[in-house]
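Chain residues, written in single-letter form:
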Amino acid sequence: MICPKCKTEYRERYTKCSQCGEDLIENDAAKQNGRENWLLKFGETTAKRAISVLFFLGLFPLFFTSILFGKYLYLTNLYEKDIWFTQNGQRMYTSTMVNNKPLGFLGGLVFFVVTVLAWKVLCELFIIIFRAIEIYTQKNRIR
Ligand SMILES: [Zn+2]
């Protein structure tokens, strides 16, 4: 027998802790209790913290992918740019094809925002799934 409060061990014939007055429990039950508490703690705090760390770690690859995506847009989208010049006192104009920098920048930015939102939703989903598993295992434990 063991006291659940101070963990003092007693022989079988004792029922109450002489120091705290707590009802003594079986040693095995105490061990199992500790294990369940550890599991609960893991489910509530560690999992949530791990997922928020996962979320922030995921931001780096998303950021670099967005830069690559923006760069790709910039390099593959050309637009005609007017060039005015003066020749022999006359205003002349020609055009040249230039890479679309604003489109690349905006595209990369939009890509980043959308993927971060999707990643956030996915992480929230992970937490919900983890909670569901937690509740499920708790129910099974009671039975
Ligand atoms: Zn005690």
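Read on for a plain summary of the structure. (Residues numbered from 1 in each chain as written. Predicted model: local features only at pLDDT ≥ 70, side-chain atom pairs only at ≥ 80, totals over all residues.)

### Overview of the overall build of the chain
- Looking only at helices and strands, one finds two helices and two strands in the chain.
- Along the chain, helices and strands appear, N-terminal first, in the series α-β-β-α.
- Looking at the chain as a whole, 4% of its 143 residues are labelled buried.
- In the chain, the share of contacts with a sequence separation of at least 24, taken over all contacts with a separation of at least 6, comes to 49%. (Helix = DSSP H or I, 4+ residues; strand = E, 2+ residues; numbered from the N terminus. Buried ≥ 20, exposed ≤ 12 C-beta atoms within 10 Å, placed from the backbone. Contact = placed C-beta atoms within 7 Å.)

### Section: unusual backbone geometry
- The backbone of K7 sits at a positive phi, close to 65°, despite the residue not being glycine.
- Relative to the assigned elements, K7 resides in the segment before α1 (27-76).
- Located in the positive-phi region is N88, a residue other than glycine, with phi close to 55°.
- Looking at where N88 falls in the secondary structure, it is placed in the loop between β1 (78-87) and β2 (90-99).

### Observations concerning the pairing of β1
- The buried count for β1 comes to zero of 10 residues, which makes it a mostly uncovered element.
- Pairing of β1 with β2, which is carried by 10 bridges, proceeds in the antiparallel orientation. Bridge pairing in β2 links T86 to R91.
- Between β1 and the antiparallel strand that follows it, β2, lie two residues; N88 among them carries a positive phi value of about 55°. (Pairing = 2+ DSSP bridges.)

### Things to note about the environment of S18
- In this structure, S18 sits in the segment before α1.
- Judged by local crowding, S18 falls into the exposed class, with 9 C-beta atoms found within 10 Å.
- Sequence spacing of S18 and T8 is 10 residues, and the spatial spacing of their C-alpha atoms is 9.4 Å.

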